[in-house]
There are 2 protein chains.
Amino acid sequence: MSQTNNLQLSGERFAAVYHLTATTEEAADRAWDICLEQTVEFPDDLISRPDIREQIIGRIASLEEVGPDCFEATIEFPVEVAGAELTQLLNVLFGNVSIKPGVRLVRFELPESLSSLYRGPRFGREGLRDLLQVHDRPLLSTAIKPMGLSPSELAELAYQFALGGIDLIKDDHGLADQCFVRFQERVERLSDAVNRANRETGLRCLYLPNITAPLDQLLDRARLARQAGAGGYLIAPGLAGWDAMRCVADDDRCGLPIMSHPAFLGAFTTSRSGGISHGALYGRIARLAGADATIFPNYGGRFAFSTDECRDIVAGCDASLGDIRPIFPAPAGGMKVQRVPELCDFYGKDTVLLIGGDLHRHGSDLVQSCRQFAESVRSNC
Amino acid sequence: MSQTNNLQLSGERFAAVYHLTATTEEAADRAWDICLEQTVEFPDDLISRPDIREQIIGRIASLEEVGPDCFEATIEFPVEVAGAELTQLLNVLFGNVSIKPGVRLVRFELPESLSSLYRGPRFGREGLRDLLQVHDRPLLSTAIKPMGLSPSELAELAYQFALGGIDLIKDDHGLADQCFVRFQERVERLSDAVNRANRETGLRCLYLPNITAPLDQLLDRARLARQAGAGGYLIAPGLAGWDAMRCVADDDRCGLPIMSHPAFLGAFTTSRSGGISHGALYGRIARLAGADATIFPNYGGRFAFSTDECRDIVAGCDASLGDIRPIFPAPAGGMKVQRVPELCDFYGKDTVLLIGGDLHRHGSDLVQSCRQFAESVRSNC
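Residues numbered from 1 in each chain as written. Chains lettered and ligands numbered in written order. Predicted model: local features only at pLDDT ≥ 70, side-chain atom pairs only at ≥ 80, totals over all residues.

## Regarding the overall build of chain A
Right, so step 1: If you tally the helices and strands in chain A, you get 15 helices and twelve strands.
Right, so step 2: Its C-alpha atoms give chain A a radius of gyration of 23 Å, within 12% of the compact-globule value 21 Å for 381 residues.
Right, so step 3: Taking the principal axes of its C-alpha atoms as reference, chain A extends roughly 75 × 40 × 35 Å.
Right, so step 4: Classification of the 381 residues of chain A by burial places 59% in the buried group.
Right, so step 5: In chain A, the proportion of contacts linking residues at least 24 apart, taken out of those at least 6 apart, comes to 74%. (Helix = DSSP H or I, 4+ residues; strand = E, 2+ residues; numbered from the N terminus. Rg over C-alpha atoms; globule rule 2.2 N^0.38 Å. Buried ≥ 20, exposed ≤ 12 C-beta atoms within 10 Å, placed from the backbone. Contact = placed C-beta atoms within 7 Å.)

Quick look at the structure:
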């Protein structure tokens, strides 16, 4: 390797915090390994250039034992290594170390020079409240399902939900562009139905079609939905890629609020000792990638997140992240209307409560079921 | 829910095989839960429409105990539910169940009506061999690194690797479009360097720049690279999304072979009881998404894949998948030239051997180190 010193980076760094499963003897080596693996990916002893050692390689800012065989390592990376691209920022945070056992990304902090490269959510919590003109309570949300209903049947459901006072009506995330439920027809019919209900109620319910799609169709679907009168978008970044969501959020021709769906992301949080923390994944990363609300499985539903993990997500939704706006946590997954008092108590008013199947369980009058949901929120939150 | 029976699907199904961590008492319920969760996502007792029950919901084709508290469930889903989109196919295979503990996707089989919707790798194993005119041995690969070298320094490395007989020279996956190593300059200089070496050697070494990028720049970078004379692409689908790779593979204006990089995918395989099997993730899914070679951490390197997991990937690289071509497994990650005999024995000739840092360890003459690598492969494989 040449001995020339050419690099002239700013010296500014961003911090990533990892939990390492390691003994006291191993911990420092494991932390140093991350410093190399996420930057030069080269044997330590073969890096002879002082500028690369000093300016490119990660730096251990702290290393502390935080539990039995668990160390918390704060690694600082040069801001220039992350470039101006979400794909590369995610790569530095967790690219190759994702494959190493016993490394968990628990959080990260970005200096203004890096966070300002990301617009984040176009609306955020306050922007979404302004759109809906709802400022004093949790937002009410439900999903259009089950798959197998025709677009006109789904539109009738959406109409009743909107009449009943739901704020955000999203497609079930399994509705894509199947032969029995075509995207364009669905978006047109459901947008019309919800906008018709809004004219009757005077409310501002938003319909969010699922635009998770092949990448060469994603922005077209987003623009088509806006033209058809949809009120927002549902995207599953685990399927489309985090940067796909960022593209939609940043594109002025799309310009509607985004709910992020957790499909295909589960593997990141199933292991306690690997993956990415709930707060970093569903909170900070979702915000960087432009979500205005982030759906995740509520504790005690049909998935298995704990109350602590849900609190971590709530914290990630408004933790300091430069000028990037706070967003709504949107607990979901087998939630029931009867749990509203408890959910209001746990999440407070800055949340989206997403109740799906259970709204169908209280008789055939969906409008009435939605009104009960709304009434319970109003009287408990 | 209306009682009309409207659906008229073909009845054709595709099969996904899961391993469930469950007791004998739980297993059938857990399998049935997947049938619902991945399709209607609706309470079983509320689905009154016979056509939805019969035509949309997944079906348990078999359920067998395969280990202590481990059941193998084969679930058959209607082909129409997966639509014609990789994003939705992945969603049906592993979307919401990714979030449930103790569910691992171990493999899947697609009927011709579904597999024929995917072109898969543009070249595949034989196509890549034809490009290189190398038919009788493993392919030799290395990476351009460390990050921090200038484009002209990296180009000098590439020139020496190509002179030394390397077949596939890829960017290190941390090289994106940073201020100290701009994409365009790097691609132009390295393509020139490798093509100059090829004119001297008469060989056909390919340079594969890393085009993992924001989605609105991905295809532009791929086309720019081709115009600059690059020989292929490196993409990390964990960062860009699986469908981003599929887009590049399918686009005739790109049209070069693709190596898939495992960055950010580690969480899918760190848990034995969750995630996706090595063979399904790095084999079948990578092929569906258009990879011609799939990089993964070799056993015994600085990551932690086992020999069985590596064999599973090799099997996934040429398991039957409609007309989708077999691809090259590309073991990597701390591999050493001295291990070539063992690697040849383990992987056979249909593999890409990717050795990075170790080529720099045998003196300053990189050309000579590459020739030793090549010679070892020729005499051992």
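Text resumes after the structure shown.
## Brief notes about the relation of the copies chain A and chain B
Right, so step 1: Overlay of chain A on chain B (RMSD 0.0 Å): rotation 180°, translation along the axis 0.0 Å. The superposition of one copy onto the other is thereby described by a two-fold rotation axis. Every residue of chain A has its C-alpha some distance from the rotation axis, and the shortest such distance is that of A:G241, at 2.1 Å. (Least-squares fit on C-alpha atoms with pLDDT ≥ 70 in both.)

## Comments concerning the sheet that holds strand 11 (residues 328-332) of chain A
Residues and elements named next belong to chain A.
Right, so step 1: Within the open sheet, the four strands sit side by side as 8-9-10-11. Their pairing is parallel. Either end of the sheet is taken by a strand with one partner, and the two such strands are strand 8 (233-235) and strand 11. For this sheet the average axis-to-axis angle between neighbouring strands, irrespective of direction, equals 25°.
Right, so step 2: Two elements, strand 10 (residues 293-297) and strand 11, share five bridges in a ladder whose sense is parallel. Paired with P297 across the strands is A332, a residue of strand 11.
Right, so step 3: Here helix 13 (residues 307-318) sits on the sheet and contacts strand 10 and strand 11; the angle it forms with strand 11, its principal contact strand, is near 155°. (Pairing = 2+ DSSP bridges. Axes fitted to C-alpha atoms, helices over the stretch in contact; angles between N-to-C directions.)

## Topic: the nonpolar core
Right, so step 1: Core analysis: the biggest nonpolar cluster contains 266 residues, and A:A158, A:I169, A:V248, B:A158, B:I169 and B:V248 have the highest contact counts within it.
Right, so step 2: If sequence neighbours within four positions are ignored, B:A158 has contacts with B:I144, B:I169, B:L190, B:A193, B:V194 and B:Y207. (Core = buried A, V, L, I, M, F, W, Y, C linked by C-beta atoms within 7 Å.)

## What about the interface of chain A and chain B?
Right, so step 1: With 74 residues of chain A in contact, the opposing surface of chain B contributes 74 residues.
Right, so step 2: In terms of residues, the side of chain A that touches chain B owes the most to one element, helix 3 (residues 86-94) of chain A, which gives six residues.

## Comments concerning the packing of helix 3 (residues 86-94) of chain B against helix 10 (residues 242-250) of chain B
Working note: a packed helix pair is described by the angle between its axes plus the distance between those axes.
All names here are of chain B.
Right, so step 1: Contact geometry of helix 3 with helix 10 gives a least axis separation of 9 Å together with a crossing angle of 145°. With respect to the hand of their crossing, helix 3 and helix 10 are arranged in right-handed fashion. From helix 3, L86, T87 and L90 reach across to helix 10, where they touch W242, D243 and R246.
Right, so step 2: Here the contact of helix 3 with helix 10 is built from residues that sort into three nonpolar, one polar and two charged. (Left-handed = near helix turned anticlockwise from the far one by under 90°. Nonpolar A, V, L, I, M, F, W, Y, C, P; charged D, E, K, R; others polar.)

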